[in-house]
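Secondary and tertiary structure notes
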Amino acid sequence: MSERHAEGAFDPVMLEVLWTRLISVVDEASAALLRTSFSTLVYESLDFSCVICDEDGNSLVQGTGSIPSFIGTVPRSVKHFIADIGKENMRPGDVLILNDPWKGTGHLPDITVCRPIFREGRIVAFSGSTAHAPDIGGHLRSALPREVFEEGFFMPPMKFIHEGKPDDTFFKLLRAAVRTPDETVGDLWAQVTAHELMAKRLIEVMAEYGLASLKELAAEIQGRCERAMRAAIRAVPDGTYHAEAAMDGSGSPITLKLALTISGDEVICDYAGSSPAQGNAVNAPLCYTFAYTSYALKCVFSPSLPNNEGVFRAVRVMAPEGSILNPRFPTAVGLRAMVGHYLPPMVLSALADVAPHRVMAGPGSPIWNITQSGVRPNGKTYANTMFFNGGMGALASRDGEQCLCWPSNASSSPVEVCEQVSPFFFHFKRLTPDSGGRGRHRGGLGQDVLVESESDTPVTVVFLAERTRNPAPGIKGGGPGGLGAVHINGEWKDAKGKYFLKKGDTLQLTLPGGGGFGPEAERDPGLVARDRLMGYVTR
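The shown structure was predicted, so the numbers you read here are calculated from the model rather than taken from an experiment.

Between F329 and the following residue, P330, the backbone shows a cis peptide bond with an omega angle of 10°. Its place among the elements puts P330 in the loop between β11 (315–318) and α10 (336–340). Residue P407 follows W406 across a cis peptide bond; omega there is 15°. Considering the arrangement of structural elements, one finds P407 in the loop between β13 (381–388) and α12 (415–421). Here E163, not a glycine, exhibits a phi torsion of approximately 50°, which is positive. In this model, D434 sits at a positive phi of 65°, which is unusual for a non-glycine residue. Along the chain, D434 turns up in the loop between β14 (424–431) and β15 (447–453).

Structure (structure tokens):
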């Protein structure tokens, strides 16, 4: 069997068996990371991913429930590890780390971990993972920082476990820099556990099937996916298609522009004309711009294909250096999701005329969350991030989903968990009537959340929030979704600000709805009656 594999001859049955085994490796590791994690960001919101790359850092297989952006960023991070550290300097038992926004996922809270996997003395693969830390020090995650230095503990590509031995100095520095030392370091060890499992299980699979290397298997899987992706692109007419989006901004309007060119079996996405880099944290490094652009293209052209390097070889993404979608170091980038989450809807909008049955109206994302911090009665500092979701955009085939995140797939934070880990009492969390955009298919509804602080000490709150001035657009004649809003003690507040809550203060979040699809006059009367009966539409 080993000789047959060395020649790269994989029959369809064996290829399916090996592919399924690889998926089981990363899914088992994902489950281990989830179960050993300390923060709600991982075990409730599922803001993490596990990936295996080949020996050159090209993505091979990723966990079933992976965050879309991490699918595009983790393999690039692995290549940065290879370039910066060198494979010749890596040893069995080494574990590598970074959170450099330009080499990682676009902002500091996402910690990327990598482990070279050795078999018979040589590197045969790399395991990679990213998990969103509950706190990374610095300024609380908001639009306010002006430079990345203000945003927290910065980790360039480096080893933090040397041949199985942890770097105690690194861990002391990290614990001293963050508000949540136990949770942040605990989640990091959960990632290490996942990597130990990926390495062990992958070597078992290779031994069982006589694979001395993964090169031929990776080439086969990636090659098949590349050919399928290019064939899907060729089925769409050549041309350049345009889209534009207006963000809420912070003090001045922000415009994003896209020229999407289909040329044969290749897609080129150019964001020339977008606003320049901002003087606050609302900027997205090119790694993040690429990740969410390529994710949206895959949703349109080949949604059922595995996510690996082959799929993305047909995609090129460009943005002018110094723009909001490709800022220079040391620009602040902590809220890169506020920008990056606009990119998939723009890709879908650009392709609406040539692929109308594969696109969706604008969602009520970017994802909303509250980051709040303070001091517990025992004197310990803490920080929590709670996710809340607006409505999804409508599709050609059905209404948008209510309160479901897209393009990210981070889960909403349950009320019971939020009340357990924070000093907030939830008065209600309910759907917002009339927030879905009108159309043949209605946009998904947003939600209304009212919380009250029960803390005896002040609580600091900041937000990730958009679409408070510019609603989610409809598509193909559909109407816009409802606007979002932030109110403290009944007074409207700028969602990009930083605020302090006293005991008894209330905070109300009104999350935006998704856009509608198609003319409202074409809506099924039965669906209109159901909407009124359910209270989704009142006027």
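Now that the structure has been shown, we can carry on.
Over the atoms, a rolled probe matching the size of one water molecule traces out where space is still vacant. For the largest pocket, the calculated volume is near 310 Å³. In terms of lining, the largest pocket is formed by 16 residues, of which the most central are Q62, I71, K298, P303 and N307. For the lining of the largest pocket, the elements supplying multiple residues, two or more each, are α2 (12–36), β2 (59–62), α4 (68–85) and α8 (286–301). In terms of residues, the lining of the largest pocket owes the most to one element, α8, which gives 3 residues. Looking at side-chain class alone, the lining of the largest pocket contains 9 nonpolar, 6 polar and 1 charged residues. Lining the lining of the largest pocket are residues from two domains, each supplying at least three of them: domain 1 (2–213) and domain 2 (230–359).

Time to look at the nonpolar core. Nonpolar side chains tend to gather and get buried jointly when the protein is soluble and globular. Counting 63 residues, the largest nonpolar core has L256, L260, Y271, F301 and L351 as the members making the most contacts within it. Considering every element that reaches this core, the biggest residue donor is α8, with 8 residues. There are two domains that each give this core at least three residues, and those are domain 2 (230–359) and domain 3 (360–539). Contact partners of F301, with chain neighbours within four places excluded, come to M229, A232, I233, V236, I262, V267, L351 and R358. V61, A199, Y209 and L211 belong to the second-largest nonpolar core, a separate cluster that totals 33 residues.

Further remarks concern the sheet that holds strand β6 (residues 158–162). A sheet is described by the order of its strands in space; here 7 strands give the open sequence β2-β1-β5-β4-β3-β6-β7, paired in antiparallel fashion. At either margin of the open sheet sits one strand with a lone partner, and together these are β2 and β7 (165–166).

For the protein, the assigned domains are domain 1 (2–213), domain 2 (230–359) and domain 3 (360–539). Between domain 2 and domain 3, the residue contacts involve 22 residues of the former and 20 residues of the latter. Each partner contributes to the roughly 1,900 Å² buried at the junction of domain 2 and domain 3, and carbon and sulfur atoms together form 62% of this total. Scanning the region where domain 2 abuts domain 3 turns up 1 salt bridge. Linking D353 and K476 is a salt bridge whose minimum nitrogen-to-oxygen distance equals 3.2 Å. Linking domain 2 with domain 3 are 10 residue pairs in polar contact (both at pLDDT 80 or more). When residues of the side of domain 2 that touches domain 3 are traced back to their parent elements, those giving at least two are β8 (239–247), α8, α10 and α11 (343–350). When residues in the side of domain 2 that touches domain 3 are grouped by element, the largest group, 4 residues, is from α11.

This part covers the pattern of salt bridges. In this structure the tally under the stated criterion is 35 salt bridges. One salt bridge connects R230 with E226, and the closest N-O pair in it is separated by 3.0 Å. In this pair, R230 and E226 both sit in helix α7 (residues 215–234), 4 residues apart, roughly one turn of the helix. Given the relative accessible area of 17%, R230 is considered buried. Its salt-bridge partner being D505, residue K502 comes within 3.6 Å of it at the nearest N-O pair. Note on K502: relative accessible area 54%, which makes it exposed. Salt bridges sharing partners connect three or more residues here, namely E55, D56, K87, R122 and K215.

Across all of its chains, the model carries 4 cavities of 30 Å³ or more by this definition. Its volume calculated, the largest cavity comes out at about 200 Å³. Lining the largest cavity are 18 residues, with P109, I136, H139, L140 and R141 positioned closest to its centre. Split by residue class, the lining of the largest cavity holds 7 nonpolar, 7 polar and 4 charged.

Here we take up the sheet that holds β11. Sheet architecture is open: 4 strands sit in the order β8-β9-β10-β11, paired in mixed fashion. In this open sheet, the two edge strands, each paired with only one partner strand, are β8 and β11. Averaged over all neighbouring strand pairs, the angle between strand axes comes to 15°, with direction disregarded. In this sheet, strand β9 (residues 254–263) lies alongside β8 in antiparallel orientation, the contact comprising 9 bridges. Along β9, the bridge assignment pairs T240 with T261. Relative to β9, α11 is tilted by about 50°, and along the sheet it contacts β8 and β9.

Definitions and cut-offs
Residues numbered from 1 in each chain as written. Predicted model: local features only at pLDDT ≥ 70, side-chain atom pairs only at ≥ 80, totals over all residues. Heavy atoms only, no water. Helix = DSSP H or I, 4+ residues; strand = E, 2+ residues; numbered from the N terminus. 1 Å grid on protein atoms, 1.4 Å probe; cavity = no way out; pocket = protein on both sides within 12 Å on 5 of 7 lines; lining within 4 Å. Points joined across faces, edges and corners; volume = space filled by probe spheres on them. Nonpolar A, V, L, I, M, F, W, Y, C, P; charged D, E, K, R; others polar. Domains from an automatic or database assignment. Core = buried A, V, L, I, M, F, W, Y, C linked by side-chain atoms within 4.5 Å. Buried < 20%, exposed > 50% of the residue type's maximum accessible area, 1.4 Å probe, protein only. Contact = heavy atoms within 4.5 Å. Pairing = 2+ DSSP bridges. Buried area = accessible area lost by both parts, 1.4 Å probe. Salt bridge = Lys/Arg side-chain N within 4 Å of Asp/Glu carboxyl O. Polar contact = N/O pair within 3.5 Å; in protein donor to acceptor, adjacent residues only side chain to side chain. Axes fitted to C-alpha atoms, helices over the stretch in contact; angles between N-to-C directions.

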